[in-house]
Amino acid sequence: MRVLGIETSCDETGVALYDTERGLMADALYSQVAMHAEFGGVVPELASRDHTRRLLPLIEQVLEEARLSRGELDAIAYTAGPGLVGALMVGAATAHGMARALGIPVLGVHHMEGHLLAPMLEDEPPAFPFVALLVSGGHTQLVEVKGLGRYRLLGESVDDAAGEAFDKAAKMLGLDYPGGPQVARLAERGDPGRFRFPRPMTDRPGLDFSFSGLKTHTLTAIRQLEAAAELDDPARADVARAFEEAVVDTLVIKCRRALDQTGLKRLVVAGGVSANLRLRERLEHECAKRSARAYYPRGRFCTDNGAMIAYVGAQRLLAGERDEIGVMKAVPRWPMDSLEAPASGQA
Ligand code: KG4
Ligand code: ZN
């Protein structure tokens with residue numbers, strides 16, 4: 001089955017073609033980051049308008065790369081949520097319009113399920129069951145994954161998501177949006193011993209996270225340096241390093257607990273923050289200690305992309321799931337543990 005995947009939930013237009021027999025045939029991405037950077041964050045209306053400009057040319061590009069005509073598509077999958085409603089509508093309307101014209105099935109899929117299963121596109125995909133750490137700009141969750149659509153939420157952030165915390169810390173440090181990669185780059189030059197921020201919610205049992213307090217610690221450190229006229233580039237790097245160490249350490253502690261609690265030996269790490277190299281290094285180390293293994297998507301599939309949507313859509317479409325004709329879905333808030341395994345149950 002050849003499935004076209006469409007991702008438009010936020011500030012990236014992603015399109016890909018996944019063949020259930022041959023794997024990923026093509027993928028293309030247009031990032032709006034430069035456009036939103038001017039405003040310090042994503043402007044929803046600008047995002048929707050830009051998706052309308054980028055999506056059709058990207059679809060053409062992917063078909064050309066895969067050497068397929070539209071008529072050779074078997075189905076279309078699109079991100080139905082969670083995300084910005086206007087942005088989601090662009091993908092949903094395009095997918096439904098094309099599917100109607102071509103007379104093929106179409107399915108709206110969950111964005112975080114896409115992130116969760118993105119490592120399945122790699123050469124050595126993880127087998128079920130596994131623990132997944134989902135760390136993006138909007139979510140921080142630990143999930144026990146027993147199969148496609150069989151998810152048990154183990155813990156999540158009670159306030160800011162890890163990526164959101166990175167973005168906010170970046171702003172305080174005078175770095176551009178999106179801040180995660182920039183904070184990570186700055187932290188490389190920082191001294192890990194100069195500041196120590198707390199590891200929130202690690203002093204009590206449980207697998208929930210809280211990252212909003214780290215904002216206050218970051219701001220306090222910056223203000224103190226400012227007051228002492230010491231806020232130069234090396235000092236900024238020290239703050240970035242302390243912040244990154246605190247987030248990474250907290251994530252690692254909770255992953256370790258989740259592996260212990262479930263007794264599982266496979267850990268999937270996905271979502272934008274999974275691109276963070278220090279996080280990967282520390283998780284690798286933890287996994288090695290307990291003869292467990294960590295799995296990640298390749299770099300460009302850590303952040304939003306069409307390939308993960310095509311992949312998840314293909315699995316569910318294969319199992320017979322599809323949207324009702326003409327009923328497109330755009331669901332801005334959609335808890336992932338409300339998802340179910342496909343009725344034909346290949347999970
Ligand atoms: O998954 P994603 O592309 O979009 C959402 O669905 O949210 O994640 C984007 C988030 C942003 O907050 C960005 O700052 C963060 O992932 N991010 C990183 C890194 N690369 C991206 N955070 C820390 N270190 C990185 N290297
Ligand atoms: Zn995402």
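Within each chain, residues carry numbers counting from 1 in the order of the written sequence. Chain labels run from A onward and ligand labels from 1 onward, assigned in the order the entries are written. Per-residue local features of the predicted model are confined to residues with pLDDT of at least 70, and side-chain atom pairs are confined, for both listing and counting, to 80 or more; whole-chain, interface and lining totals are unaffected and use all residues. Remark: hydrogens and water are excluded; side-chain values derive from all non-hydrogen atoms of the structure.

If you look the protein chain up in an unreviewed UniProt entry, it shows as tRNA N6-adenosine threonylcarbamoyltransferase from Billgrantia campisalis. UniProt positions are given in the numbering used here, feature names are shortened, and annotations may be inferred rather than shown by experiment. Under the heading Subcellular location (unreviewed entry), UniProt records this for the protein chain: "Cytoplasm". Its UniProt record gives the protein chain a comment under Catalytic activity (unreviewed entry), which states: "L-threonylcarbamoyladenylate + adenosine(37) in tRNA = N(6)-L-threonylcarbamoyladenosine(37) in tRNA + AMP + H(+)".

S.K.: Go over the sheet that holds strand β10 (residues 293-295), please, and point to the residues and values.
M.R.: Within the open sheet, the five strands sit side by side as β8-β7-β6-β9-β10. Their pairing is mixed. Strand pairing shows two members of the sheet lacking a second neighbour, β8 (150-156) and β10, which therefore form its edges. Strand-to-strand twist across the sheet, computed as the mean angle between neighbouring axes with direction ignored, equals 25°. Here, a strand pair is defined by DSSP locating no fewer than two bridges between the strands. Runs of H or I in DSSP of at least four residues are treated as helices and runs of E of at least two as strands, each being numbered from the N terminus. As paired strands, strand β6 (residues 130-135) and strand β7 (residues 140-147) are joined by six bridges and run antiparallel to one another. For F130, the partnering residue across the bridge sits in β7 and is V145. In this description, contact between two residues means that some pair of their heavy atoms is separated by no more than 4.5 Å. Axis angles are defined between N-to-C directions and span 0 to 180 degrees, where every axis is a line fitted to C-alpha atoms and, for a helix, only to the segment in contact. Here helix α8 (residues 233-262) sits on the sheet in contact with β6, β7, β8 and β9 (266-270), set at roughly 155° to β6. Contacts from helix α9 (residues 277-289) reach β9 and β10, with the element oriented near 175° to β9.

S.K.: Can you break down the nonpolar core residue by residue, with the values?
M.R.: Joining through side-chain atoms within 4.5 Å is the link that ties buried Ala, Val, Leu, Ile, Met, Phe, Trp, Tyr and Cys residues into a set, and such a set is a nonpolar core. Burial here depends on accessible area, computed with a 1.4 Å probe over protein chains only, as a share of the maximum for the residue type. Under 20% is buried, over 50% is exposed, and the range in between is partly exposed. Counting residues in hydrophobic clusters, the biggest one holds 59 residues, and the most contacted among them are L4, I76, L117 and Y151. Per-element tally for this core: the top contributor is helix α10 (residues 307-318), with eight residues. Not counting the four nearest positions on each side in its chain, L4 is found in contact with V15, A16, L17, I59, V62, L73, A75, I76, A77, M98 and A310. Counting residues in hydrophobic clusters, the runner-up holds 47 residues, among them L133, V135, A165 and V269.

S.K.: Please set out the site of ligand 1 residue by residue, giving values where relevant.
M.R.: In the vicinity of ligand 1 lie 17 residues, with G137, D167, G180, G272 and N276 positioned nearest. Residue G137 places a main-chain N or O atom 2.7 Å away from an oxygen atom belonging to ligand 1. About the coverage of ligand 1: the protein hides 86% of its 550 Å² of free accessible area. Elements with a minimum of two residues in the shell around ligand 1: α4 (111-117), α5 (162-172) and α6 (179-187). Examining the composition of the shell around ligand 1, we find that three residues originate from one element, α5, more than from any other. Consider each residue's heavy atoms; a residue with any of them within 4 Å of a molecule or strand counts as near. A 3.5 Å cut-off defines polar contacts: any pair of N or O atoms within that distance qualifies, except that in protein one atom must be a possible hydrogen donor and the other a possible acceptor, and neighbouring residues in sequence count only when both atoms are side-chain atoms. Method for areas: the Shrake-Rupley scheme with a 1.4 Å probe, in which residue coverage is limited to the protein chains shown.

S.K.: Before we move on, can you summarise the UniProt feature "domain: Gcp-like" (unreviewed entry) in the protein chain with the specific residues and values?
M.R.: In the numbering adopted here, UniProt assigns the feature "domain: Gcp-like" (unreviewed entry) to residues 24-311. Segment residues 24-311 splits into 47% helix and 17% strand. End C-alpha atoms: 8 Å apart.

S.K.: Outline helix α3 (residues 85-102), supporting the account with residue identities and numerical values.
M.R.: The span one expects for a helix is its residue count, reduced by one, times 1.5 Å. Taking 1.5 Å of rise per residue, 18 residues should cover 26 Å, and α3 covers 25 Å from first to last C-alpha, within 8% of that figure. Those residues of α3 that sit buried are A87, L88, V90, G91, A92, T94, A95, H96, M98 and A99. Packed against the buried residues of α3 are β1 (2-7), α2 (44-65), β4 (75-81) and β5 (106-110). Where α3 ends, the next residue or the one after it, G103, has phi of about 65°, a positive value.

S.K.: Tell me what's going on with the confidence of the model for the protein chain, and back it up with residues and numbers.
M.R.: Chain-level statistics for the protein chain give a pLDDT mean of 96 and a share of 99% at 70 or above. What pLDDT conveys is the predictor's confidence in a given residue, as a value from 0 to 100. The secondary-structure element of the protein chain with the lowest mean pLDDT is helix α1 (residues 33-37), recorded at 91, while β1 shows the highest, at 99.

S.K.: Which residues make up the coordination of the zinc ion (ligand 2), and what values do they have?
M.R.: Coordination shells were defined by N, O and S atoms within 2.8 Å of each metal, extended to 3.2 Å for Na, K and Ca; water is absent from the atom set, which can make sites look incomplete. Protein coordination of the zinc ion (ligand 2) is provided by H111 (NE2), H115 (NE2) and D304 (OD), with donor distances spanning 2.0 to 2.1 Å. Angular criteria define each label, namely tetrahedral for four donors with all angles between 85 and 135 degrees, square planar for four and octahedral for six donors with opposite donors over 155 degrees apart and remaining angles between 65 and 115, and irregular for whatever fails these tests. Each of the four donor atoms bound to the zinc ion (ligand 2) contributes to angles spanning 94 to 143°, and the resulting shape is irregular. Positions of the donor residues of the zinc ion (ligand 2) along the chain correspond to the pattern H-x3-H-x188-D. Taken as a pair, H111 and H115 lie in helix α4 at a separation of four residues, close to a single helical turn. Pair check on accessibility: H111 and H115 agree, each one buried.

S.K.: Tell me about the packing of α5 against α6, and name the residues and values.
M.R.: Taken N-terminus to C-terminus, the directions of α5 and α6 make an angle of 65°; their axes are 7 Å apart at the nearest point. At the point where α5 passes α6, the crossing takes the left-handed sense. Taking contact as the criterion, the partners of F166, D167 and A170 in α5 are, on α6, G179, G180 and V183. Nonpolar residues are Ala, Val, Leu, Ile, Met, Phe, Trp, Tyr, Cys and Pro. Charged residues are Asp, Glu, Lys and Arg, and all others, Gly as well, are polar. In terms of residue class, the contact of α5 with α6 is made up of three nonpolar, two polar and one charged. Note on convention: the crossing is left-handed when the near helix lies turned anticlockwise from the far helix by less than a right angle, right-handed when the turn is clockwise.

S.K.: Can you lay out the side chain of H51 for me, pointing to particular residues and giving the numbers?
M.R.: With respect to the helices, strands and loops of the structure, H51 is situated in helix α2. When neighbours within four sequence positions are excluded, H51 is seen to be in contact with T8, C10, D11, E12, T13, Q32, A87 and V90.

S.K.: Account for the packing of aromatic side chains, with residues named and values stated.
M.R.: Side-chain rings of Phe, Tyr and Trp (the six-membered ring for Trp) are treated as a pair once their centres are within 6.5 Å; stacked means planes under 30 degrees apart, edge-to-face means over 60, and tilted covers the remaining angles. Considering all chains together, one arrives at four aromatic pairs under this definition. Taking 5.3 Å as the distance between ring centres and 80° as the angle between the ring planes, the aromatic pair formed by Y18 and Y311 counts as edge-to-face. On the criterion of sequence distance, the pair formed by Y18 in strand β2 (residues 12-19) and Y311 in helix α10 is long-range, its members being 293 residues apart. Ring geometry for F166 and F243: centres 5.2 Å apart, planes at 90°, overall edge-to-face. Highlighted residues: F166 in helix α5 and F243 in helix α8, separated in sequence by 77 residues. Residue class for F243 comes out buried when judged on its relative accessible area of 1%. Throughout this description, the term charge over a ring refers to an Arg CZ or Lys NZ atom that lies within 6 Å of the ring centre and within 35 degrees of the ring normal. The ring of F209 has K254 lying over it, and the distance from NZ or CZ to the ring centre is 5.9 Å. Here the basic side chain of R280 rests over the ring of Y296, its NZ or CZ set 4.2 Å away from the ring centre.

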